[in-house]
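This is what each chain is made of:
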Amino acid sequence: MEKEELKIVNKGLEDEMELSGYRLCRWKLALVAVGVLCTGGFLLLLLYWMPEWCVKATCTRTTIRDAQVVLLRSTDEFKRWFRAKVRVMLAPGKNPYISLDSKTATPTANGHMPRPSDTPAEGFIRKYAEYQPVQIRYFTLHSTKYYWNDAIQNFGVLTGLEDLGLRYSGLHSEHSGGLSQDQQEYRKLFFGVNEIAVKVPSLFKLLIKEVLNPFYIFQLFSVILWSADEYYYYAMAIVLMSVISIAASLYTIKKQYVMLHDMVAAHSIVRVSVCRANNEIEEAMSTDLVPGDVMVIPSNGTIMPCDAVLISGTCIVNESMLTGESVPVTKTNLPNPPPGEKGAEEDQVYSIEEHKRHTLFCGTNVIQTRFYSGELVKAVVVRTGFSTAKGQLVRSILYPKPTDFKLYRDAYMFLLCLVGVAGIGFVYSIVLSIMNKVPAKTIIIESLDIITITVPPALPAALTAGIVYAQRRLKKLGIFCISPQRINICGQLNLICFDKTGTLTEDGLDLWGVQRVENGSFHHTEENAYKENLVKTHFVACMATCHSLTKIEGQLSGDPLDLKMFEATGWILEEATEEETSLHNRIMPTVVRPPKQLLPEPAMSPEQDMELYELSVSYEIGIVRQFPFSSALQRMSVVARLLGEKRMDAYVKGAPEVVAGLCKRETVPPDFSEVLEDYTKQGFRVIALAHRRLESKLTWHKVQNVNRDHIESNMEFLGLIIMQNKLKAETPGVLEDLRRANIRTVMVTGDNMLTAISVARDCGMIPPQDRVIIADALPPKDGQAAKINWRYADNPSKLSGKPAVLEEVQISLDDKPEEQKAVEQYHFAMSGKSFAVITEHFQDLLQKLVLHGTVFARMAPDQKTQLVETLQSVDYFVGMCGDGANDCGALKRAHGGISLSELEASVASPFTSRTPNISCVPNLIREGRAALITSFCVFKFMALYSIIQYISVTLLYYILSNLGDFQFLFIDIAIILLIVFTMSLNSAWKELVSRRPPSGLISGPLLFSVMTQILICLGFQTLAFLMVRHEPWYETWTPESDACNTSIHLNISENMTEMEEPDEHNIMNYENTTLFYVSSFQYLIVAIVFSKGKPFRQPSYKNWPFMLSVLSLYVFLFAIMLFPVPEIDEFLEIVCVPMKWRLTMVFIVLANAAVSVLVETLVLDVVLWKLVFSRDKQASYGVLPAAPPPQGGLDWCGSRYLPWLCCRRRRVPKARYMHLAQELRVDPDWPPKPKTTTEAKPPSLPENSSYQIMSTS
């Protein structure tokens, strides 16, 4: 069969995959079946773990068109494999959007499928009997169906109406009428049920999946082997531990599934009213909705069951599920261009991303609707099920990317090394046994047993214990974790991204003051506008009318800025009721008026009618038309009319620079820029107001159709409103702690750029003396290439007029104090638009920018995720702290995401903090570091435990002996399990230090530590083994042996001779006893040596359960060694040795302890550990510390002379960001100079760089 090149599905998306086709092969299947029988089912397990091996072992390659099975591989750094079965569906047509002629259909009783027993497809085919059914091939992966597309000769996803690339006019003309019942049923074949189905797997399924983990399979193998060797006690202990571990894991996984299911299931199935093609409205379940259906939004609101675009009426929606901010948003209907303008600029192609203010998203809460002249509020369904915004969020939670962490990769490498060591022992034991003519059964059991000794089956439980303890400590700190494996990764975080609003700052804005303009110059600043003398000014009228507030259940709600601004006037807002609205047309206005106490009271003449008097006193403004706030235009405007006036007024509010540009020059004060800069530097959010009296020819009806550009011109500048967004009290302190710990901080916000920069300065993220360079990127336009304009945000303040030398800007890789230079620091700031342009056109510049990028403003949720991925691509360990579902993607993608929200964000985020401020971040990092060091300790200890036992057994195999069952049991349970579960209890060190733990096990200090301890243990065990054989009293032990020459021993010997059969395993001998004692002490020695305290964990002496366990075991072992107890000796199968040899063993143990402690603390901690950290110390943050850290002299000496000793004068940095920093230090064109432009080179010029820098003035 011909092979074809790999196809790509989901091209350019996060889940992009390579796809190849396969067909089942009978002879391969037969071979695999034989292999499974021969290996006792192990081959089946191997194929289960390796999907690509499974497909290649059972199938042959074919074209994708003819494939029965498809093999997919993700194109990201993880290169994960997936397999999927290709299925076939019968349908009347290949395209869900074609129109089916219902007249050809077989008549049915009520328009429904004729036989309830049919599947939907069969019933539908029967209904359309005259159509030739078409076979449609598809496969399902991660809750998404991929259909075969003949046009592109590949599989693709049907997302919804957007596939058609519809324009505004097309949506109104072709899709506003609704679908017929038959069309709806036909589309449902393709799009399926409109439901985000989170199936909670049964406990049995979860159990099978968990038990088939390679570790548990190995444990099962070990247990069977031990049972065959009659070593039942430890087998039972391991089974018990595994059962507890599996039960805890199942409970956690099941709980997460139930939580996610409950979150999704809440209000996901509702009854909806659907418009059919014959203009009838019928009730249906939301599960039956398909793209193209027209649903009627009820006036009392609903939870949206799908993504839909409004085609008539307006809605007020709470989008906290998506944006994290429970601020009601007004959604307006999609414009319907007049027939003459179709195809013009007004008739754009509809896109969910670009036209969010016309789109109602799945899961969001429609609070109320507005309709006019009895018209229904209608929306066309665009996406359903997992294709919706909420569906994609849930899918990303259900199928997350794997956590790529060096520790776990290294752990597998380490285990492979242990397997290699076990292999050597396996061969050694077989050869030795054959040479000594040992029975075959014993050879098999003992040689396999050496594998279970070398690779400890208790390792998963031991590693899990440390994480469980860390999770418990985090819970006490108010941090809840749904992904425990991430705790270790948090110990490596060296860059934290923070959302601004609600995270660094308080949620709301406060009005700080107003500054009006009179006669072209600024008036003095006033605290508020609630004054009698201002009530009838245009300034206050603009504050009272220019907003998008609405009343919901009698309460004013809307954007917090609008709310604060309106409340500052003290005015009252009144909206037309539904009855009034239905009686009039759509120009029934919202009315605002000041409270009566603010209005001056005119005298009433005796002849004046009371009604006329009230009319003359009333001062009301009706809002005739509203042009909603546009982030692209950075402004909003309204047309209003004062009661009794013939002419109308236009009011505008928005970004000061934008509003000033719309005003007559003479009305803008000459010092406008200086005043504005002064406020923004202080971190205030400034809004400008403007006004214009409209021409009398603009009637109410004309205003409804006038273009907004016509209204928003020739304005008169009214003044500024100054709002304050206060920092949370904890923010500056926490950021300072992170800075001292060399952890970089970055702000990622949806707010304005200048405000974000000023907040970054206020909270200490950008020190006052540092420069901020704004990268203003413009997309290609009119044949010109994309370009970036560089400019300074402001002039940094210089302390005492001297250049600041607190920190160096470059990432320094040399610690030599004499080379530290005063280099000015700089930070890049950019908007979401610029970020998008740079990502697309300046790929190789992007990584350089994120190296010093501190402020990312106006960032969309998906851009936040992209930024996290870019930072990860230069080898940063990225944390993300946010408070809303708009941060969900970034929270999930970051190495450690922590949500300050109890909403949906907490379902996607690995960590959720009950404390609504960023003080949880250093706590999480401290606990992460403690957990990581604990994992290293446990891993090293378990590795040493295996090797020590392996050395003992290998030495004893030499004399055809072994450790006894109860000796194994004592070591494995009384020593190992007790130590492992208590050594993990050390809590985190009280403060964050400026260095990080190593990220993997395969690192210099850790390997040195393990290897030296192995050699020490090997040396002392071998020494003891050889010494005992050279003792003058030594002989091959028999029950009659009398080395002690004591009556106790004789009694034991007599008892044993009478009661026991000859020792067939040759357990009882002098070598066994010696190695048992020495190795038992070695376990305790390495436990103490490896149980490190500061700077990441509390010292071990504060961990009282561990200290109590170790001391108890020491006392017990010394007691039974120096003062034998016959019962214990008999139980542990220990033989009696002379007191002189017992004292010799004490000296061997003490010497072993001294050497181990000396090597670990002096050689490793003082020399090698410092050397490694001297390389990493600056790497995390990219700056030199403001003050020398503790033990700086030692660090300096180590970093200066040890590399020389190792012949490594210049090290190439491992992390990509460090490598980049090294390159930028010698780049004369970096950072870009202000008032220069960087242009993207055309793709036709294949050069190293994709951009060129040009100076422009």
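What comes next is a walk through the structure. (Residues numbered from 1 in each chain as written. Predicted model: local features only at pLDDT ≥ 70, side-chain atom pairs only at ≥ 80, totals over all residues. Heavy atoms only, no water.)

This brings us to the overall build of the chain. From N to C terminus, the chain includes 40 helices and 42 strands. Here the chain, with 1257 residues, has 54% of them falling under the buried criterion. Long-range pairs, those at least 24 residues apart, make up 75% of the contacts in the chain between residues at least 6 apart in sequence. Accessible area for the chain stands at about 57000 Å²; split by element, carbon and sulfur atoms hold 58% of it. (Helix = DSSP H or I, 4+ residues; strand = E, 2+ residues; numbered from the N terminus. Buried < 20%, exposed > 50% of the residue type's maximum accessible area, 1.4 Å probe, protein only. Contact = heavy atoms within 4.5 Å. Areas by Shrake-Rupley, 256 points an atom, 1.4 Å probe, with all protein chains shown as cover.)

What follows concerns the sheet that holds strand E16 (residues 328-331). Strand pairs in the sheet, formed through backbone hydrogen bonds, run parallel or antiparallel to each other. Strand order in the open sheet formed by 4 strands is E13-E18-E15-E16, with antiparallel pairing between adjacent strands. The sheet terminates laterally at strand E13 (302-303) and E16, the two strands that pair on one side only. In this sheet, E16 lies alongside strand E15 (residues 314-318) in antiparallel orientation, the contact comprising 4 bridges. Paired with Asn-318 across the bridge in E16 is Pro-328. (Pairing = 2+ DSSP bridges.)

Two packed helices can be described by the angle between their axes and the distance between those axes. Between helix H8 (residues 214-228) and helix H9 (residues 232-265), the least distance of the axes is 8 Å, while the angle of their chain directions is 160°. In terms of their interaxial angle, H8 and H9 are classed as roughly antiparallel. Pair H8 / H9 crosses with left-handed handedness. On H9, the residues touching Tyr-216, Gln-219, Val-223, Trp-226 and Ser-227 of H8 are Tyr-232, Tyr-234, Ala-235, Ile-238, Val-239, Ser-242, Ser-245 and Ile-246. Its residues assigned to classes, the contact of H8 with H9 shows 9 nonpolar, 4 polar and no charged. (Axes fitted to C-alpha atoms, helices over the stretch in contact; angles between N-to-C directions. Parallel < 35°, antiparallel > 145°, perpendicular 65-115°, else oblique. Left-handed = near helix turned anticlockwise from the far one by under 90°. Nonpolar A, V, L, I, M, F, W, Y, C, P; charged D, E, K, R; others polar.)

This part is about the state of the cysteines. A covalent bond between the sulfur atoms of two cysteines is referred to as a disulfide. Here the structure, examined in full by the defined rule, presents 0 disulfides. Free of any disulfide, Cys-490 has its nearest cysteine sulfur in Cys-481, 8.0 Å distant. By relative accessible area, Cys-490 is classed as buried at 0%. (Disulfide = S-S within 2.5 Å.)

That bond from Trp-1230 to Pro-1231 is cis: its omega, 0°, falls within 30 degrees of zero. Note that Pro-1231 resides in the loop between helix H40 (1216-1225) and strand E41 (1236-1240). Phi is positive for His-142, which is not a glycine, with a value near 50°. Topologically, His-142 is positioned in the loop between strand E7 (134-141) and strand E8 (144-149). By relative accessible area, which is 24% here, His-142 ends up partly exposed.

Let us look at a nonpolar patch on the surface. Together, Met-413, Leu-416, Ile-1002, Leu-1007 and Met-1011 make up a nonpolar patch on the protein surface, roughly 450 Å² of accessible area in all. Going through the elements one at a time, helix H12 (406-435) and helix H33 (1004-1029) are the ones with two or more residues in the nonpolar patch. A relative accessible area of 57% means that Leu-416 is categorised as exposed. (Patch = residues over 30% accessible without salt bridge, like charges linked within 9 Å, V, L, I, M, F, W, Y side chains within 5 Å. Salt bridge = Lys/Arg side-chain N within 4 Å of Asp/Glu carboxyl O.)

Within strand E4 (residues 69-74), 5 of the 6 residues are buried, leaving the element largely enclosed by the surrounding structure. With 5 bridges connecting them, E4 and strand E5 (residues 81-85) associate as antiparallel partners. Bridged to Leu-71 within E5 is Arg-83. In textbook terms, the turn of a hairpin is the stretch between consecutive antiparallel strands, and for E4 and E5 this stretch comprises 6 residues, one of which, Lys-79, has a positive phi near 50°.

Read across the open sheet, the 4 strands follow the order E6-E7-E8-E9; overall the sheet is antiparallel. The sheet is open, and its two borders are formed by strand E6 (87-91) and strand E9 (154-157), each paired with just one other strand. Going across the sheet, the axis of each strand differs from the next one's by a mean of 40°, ignoring polarity. Inspection of the sheet shows E8 paired to E9 by 4 bridges, in the antiparallel sense. The residue bridging Asn-149 from the neighbouring strand is Asn-154, located in E9. With respect to the sheet, helix H6 (residues 181-191) is in contact with E6, E7 and E8, its orientation differing from that of E6 by roughly 175°.

Examined against the element boundaries, Glu-1071 turns out to sit in helix H35 (residues 1070-1090). According to the relative accessible area criterion, Glu-1071 is buried, its value standing at 3%. A polar atom in the side chain of Glu-1071 sits 2.8 Å from the side chain of Arg-1029. Leaving out residues up to four positions away in the same chain, Glu-1071 has contacts with Leu-956, Ile-959, Phe-1025, Val-1028, Arg-1029 and Tyr-1034. (Polar contact = N/O pair within 3.5 Å; in protein donor to acceptor, adjacent residues only side chain to side chain.)

Let us look at helix H11 (residues 389-398). In terms of burial, H11 is a largely internal element, 9 of the 10 residues being buried. Listing the buried residues of H11 in full gives Ala-389, Lys-390, Gly-391, Leu-393, Val-394, Arg-395, Ser-396, Ile-397 and Leu-398.

A full pass over the atoms with the stated rule returns 26 salt bridges. The shortest N-O distance in the salt bridge between Arg-740 and Asp-737 comes to 2.8 Å. Of this pair, Arg-740 and Asp-737 both sit in helix H24 (residues 731-740), 3 residues apart, roughly one helical turn. The network of salt bridges with shared partners includes Glu-736, Asp-737, Arg-739 and Arg-740.

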